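As a plain string of letters, each chain reads:
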Amino acid sequence: MIIGIDTSLGTAVAAIARDGEILAEEQSSNPLGHAEVIGDLLRRATTAAPAPTHVAIGMGPGPFTGLRVGIATARVYALGRGVPLVAVPSHDGVALGVLLADALTGTETGRFAVVTDARRREFAYSVYDGLDDDGLPVRVTEAALSPRDDLDARLEEHGARRYDATSVSAAMIALAAARALDADRTLAGPEPLYLRSPDVVAAHAPKRVS
């Protein structure tokens, strides 16, 4: 049993079996208010998986505050349960969902870019090209930021069609983690993919105490 959590776009929590069967999936589309809803979503999702073996967490790219809420929750929950935490790029979860949906309908996916709103008139994007032998999306480029007006030209350089994501499926985050575990692979490091520094900075240097 794997619990998946993502707060890069809204708040999503899911529980899946190791073979990919979705046992529960809960989501709030509100891009804010992660801390207010994640506890309730986690409580409802874990009813279907009372004894998880792993916790999968989407590492972004995403806003600083939203990612911190999800990652902190996942770390605390995994620690409390005594189970490993598996980090997954959030765009990998979106890409996996796109590729599996196309496979079910026999659609030729081709090279595409997962695009998410990074605010400040910028988009975050990652380019993918099919599934590899482990059933995981082939990442052609790492996540990067682009000004809105430049994005289409950059994707054209990569020969990638654009896929705008407005949500991230926690079930796909968990499934990507399951496939990575089966293949003994690491998809992401322990640090969040913020792509830019947080908005909050120190106003001035600390005062000297004498």
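Refer to the structure presented above.
The shown structure was predicted, so the numbers you read here are calculated from the model rather than taken from an experiment. (Residues numbered from 1 in each chain as written. Predicted model: local features only at pLDDT ≥ 70, side-chain atom pairs only at ≥ 80, totals over all residues. Heavy atoms only, no water.)

Peer 1: Let's hear about helix H1 (residues 34-46): which residues, and what values?
Peer 2: Helix length check: H1, at 13 residues, gives a terminal C-alpha distance of 18 Å against a target of 18 Å (1.5 Å per residue), a fit within 8%. The complete set of buried residues in H1 reads His34, Ile38, Leu41, Leu42, Ala45 and Thr46. Take H1 and look down its axis: the buried residues cluster within an arc of 115 degrees, on one side only. Along H1, exposed side chains directed more than 90 degrees from the buried face belong to Glu36 and Arg43. (Helix = DSSP H or I, 4+ residues; strand = E, 2+ residues; numbered from the N terminus. Expected span 1.5 Å × (residues − 1). Buried < 20%, exposed > 50% of the residue type's maximum accessible area, 1.4 Å probe, protein only. Arc of directions from axis to C-beta.)

Peer 1: Could you give an account of the packing of aromatic side chains, naming the residues involved and the relevant values?
Peer 2: The full count for this structure, using the stated rule, is 2 aromatic pairs. Judged by centre distance (4.6 Å) and plane angle (45 degrees), the rings of Phe64 and Tyr194 are tilted. Here Phe64 is found in helix H2 (residues 64-81), whereas its partner Tyr194 is found in the segment after helix H5 (170-182), with 130 residues between them in sequence. Exposure remark for Phe64: the relative accessible area of 26% places this residue in the partly exposed category. Of note, Arg148 hangs over the ring of Phe123, and the distance from its end group to the ring centre comes to 5.3 Å. When the ring centre of Phe123 is taken as reference, the NZ or CZ atom of Arg162 above it lies at 4.9 Å. (Phe/Tyr/Trp six-rings, centres within 6.5 Å; stacked < 30°, edge-to-face > 60°. Lys NZ or Arg CZ within 6 Å of the ring centre and 35° of its normal.)

Peer 1: Quick rundown of the environment of Ile16? Include the residues and the values.
Peer 2: Along the chain, the position of Ile16 falls in strand E2 (residues 11-16). Along the chain, Ile16 and Ala45 lie 29 residues apart, while their C-alpha atoms are 9.6 Å from each other. Excluding its chain neighbours within four sequence positions, the residues that come into contact with Ile16 are Met1, Ile2, Glu21, Ile22, Leu23, Ala171, Ala174 and Leu175. (Contact = heavy atoms within 4.5 Å.)

Peer 1: Please set out the sheet that holds strand E4 (residues 54-58) residue by residue, giving values where relevant.
Peer 2: One open sheet holds the 5 strands; their spatial order is E3-E2-E1-E4-E5, and the pairing between them is mixed. Of all strands in the sheet, those with a lone pairing partner are strand E3 (22-28) and strand E5 (85-88), marking the two edges. Averaged over all neighbouring strand pairs, the angle between strand axes comes to 15 degrees, with direction disregarded. In the sheet, E2 pairs with E3 via 6 bridges, with the strands oriented antiparallel. When the sheet's bridge partners are listed, Ala15 is paired in E3 with Ala24. Against the sheet, H2 contacts strand E1 (2-6), E4 and E5, and its axis sits at roughly 170 degrees relative to E4. The sheet contacts of H5 involve E1, E2, E3, E4 and E5, and relative to E1 the element is tilted by about 125 degrees. (Pairing = 2+ DSSP bridges. Axes fitted to C-alpha atoms, helices over the stretch in contact; angles between N-to-C directions.)

Peer 1: Could you give an account of the side chain of Asp6, naming the residues involved and the relevant values?
Peer 2: By the element assignment, Asp6 lies in strand E1. Buried within the structure, Asp6 lacks any salt-bridge partner; Arg119 is the closest side chain of opposite charge, at an N-O distance of 11 Å. Here Ser90 takes part through its side chain, which lies 2.6 Å from a polar atom of the side chain of Asp6. Once you skip the residues sitting within four places of it in the chain, Asp6 turns out to touch Thr11, Ala12, Gly58, Ser90, Val168 and Ile173. (Lys, Arg positive; Asp, Glu negative; His and termini not counted. Salt bridge = Lys/Arg side-chain N within 4 Å of Asp/Glu carboxyl O. Polar contact = N/O pair within 3.5 Å; in protein donor to acceptor, adjacent residues only side chain to side chain.)

Distances and angles like these do not, on their own, reveal function.
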